[in-house]
Amino acid sequence: MSTRHRESVPTISSPEEFVEAIPCLLGFHPSDSLVVVVVTRRSVSLTARCDIALSDRPEEYDRFVRTVTHDWQGSRLPQIQVFVAGYSDRQTASAAVRALQARLDAQVLGAVVVDHDRWWMIDDDIHGPGRLVLRDTGLSRRLTCGPVAASRSDLAASIAAPMGQREDDMLRALVDALDQVKEDDPVEAGLTVVALMSSWHDGTALSDRDYLTAAVAMSLDEARHEVWKVLSASKARQYLHFWKEVVSRTPQGIRTVVLAVTGMFAWIAGEGVLMNVCLEEAEQADSEYPLVRMLSRIARCGVPPSTWAQMKP
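Residues numbered from 1 in each chain as written. Predicted model: local features only at pLDDT ≥ 70, side-chain atom pairs only at ≥ 80, totals over all residues. Heavy atoms only, no water.

Participant: Looking at this structure, how should I read the side chain of Ser296?
Facilitator: Mapped onto the elements of the fold, Ser296 is located in helix H13 (residues 290–301). The contact partners of Ser296, leaving out residues within four places of it in the chain, are Leu279 and Glu283. (Helix = DSSP H or I, 4+ residues; strand = E, 2+ residues; numbered from the N terminus. Contact = heavy atoms within 4.5 Å.)

Encoded structure:
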């Protein structure tokens, strides 16, 4: 399951625009998927995806539906609207979309099925299919989305641990980074990480040692505390790519905390898909690590990123 909260997303009004926007909203091109786009106050507030086969696992499927509906249960907001898309062969996708529509207590703006390079409105046998390769409406530019991965696995590969010669190079840089972090002064270590993020944002070219210094420092609770103190939704979006650079350099053995930190930045930035990619690997390494456990609860309960404002130190 993947969720992605977004703030200040331009209004998307037509089925064609939703089909065009979904890969940008998710960060990758979905396949064998159910996708729900939640619209409040005429703007996209949440995009959620699950495997289309999840409907055969009632407990997990119910959790997905609860996550999607979390934002509007008990809400005083104007009526919530949703757009639903199924990605598979037309018959499978149609059945899954209809079943999901019946579970969503909201006005359905539209529902489509996408089969390879064609899409149809659900239960529409009159009009021909639309082409998935659409005209350039400028929507992706208005959404200001980053690069869209070809698949979820490609997104995961973009932050994978270094291997081969690159791993050897990163291990040598890691030795130097260990010398830069003073465990007896974790506050200073945290301030060093904040300074590195700021330098990166200002366009300074950082070395592998610099990125790995940030990775090593995050193993210290008080160092993380210094980073959390400056973290906001805007800062998370601003610095998320910095942490992707860090985690893609971090060798096996010390990745757990870096994955969890990157996942936290992704969550607060509204990049729930990347958060879940980080979480899956972190849980495999050490599911009991406190920050991993917290991130797991956030993902499991569909906690919105706006909650961070009440959580931060």
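Participant: Would you take a moment to explain the pattern of salt bridges for this structure?
Facilitator: Note that side chains of opposite charge can pair when their charged atoms are close. For the structure shown, the criterion picks out eleven salt bridges. The partner of Asp221 in a salt bridge is Arg224, and the shortest N-O contact between them spans 2.6 Å. Remark: Arg224 and Asp221 occur in helix H9 (residues 221–229); sequence separation between them is three residues, near one turn of the helix. With relative accessibility at 9%, the residue Arg224 sits in the buried group. As a salt-bridge pair, Lys229 and Glu226 come within 3.5 Å of each other at their nearest N and O atoms. Note that Lys229 and Glu226 are positioned in helix H9 at a spacing of three residues, about one turn of the helix. (Salt bridge = Lys/Arg side-chain N within 4 Å of Asp/Glu carboxyl O. Buried < 20%, exposed > 50% of the residue type's maximum accessible area, 1.4 Å probe, protein only.)

Participant: How do you make sense of helix H10 (residues 233–249) when you look at a structure like this?
Facilitator: Three or four residues apart is the spacing at which side chains of an α-helix point the same way, because the helix has 3.6 residues per turn. Between the first and last C-alpha of H10 there are 25 Å, a value that for 17 residues agrees with the 24 Å anticipated at 1.5 Å per step. The largest bend along H10 reaches roughly 45° and is located at Tyr239. Regarding H10, the residues found buried are Ala236, Tyr239, Leu240, Phe242, Trp243, Val246, Val247, Ser248 and Arg249. Residues of H10 that are buried in the fold lie against helix H6 (164–180), helix H7 (186–201), helix H8 (208–217), helix H11 (255–268) and helix H12 (272–286). (Expected span 1.5 Å × (residues − 1). Bend = angle between axes of the 7 residues up to and from the residue.)

Participant: Please clarify how unusual backbone geometry should be interpreted in this entry.
Facilitator: Glycine aside, the phi torsion of most residues is negative, and most peptide linkages are trans. If you check the backbone angles, Asp32 has positive phi at about 45° while not being a glycine. Along the chain, Asp32 turns up in the loop between helix H1 (15–26) and strand S2 (33–40). On the basis of relative accessible area, Asp32 is assigned to the partly exposed category, the value being 47%.

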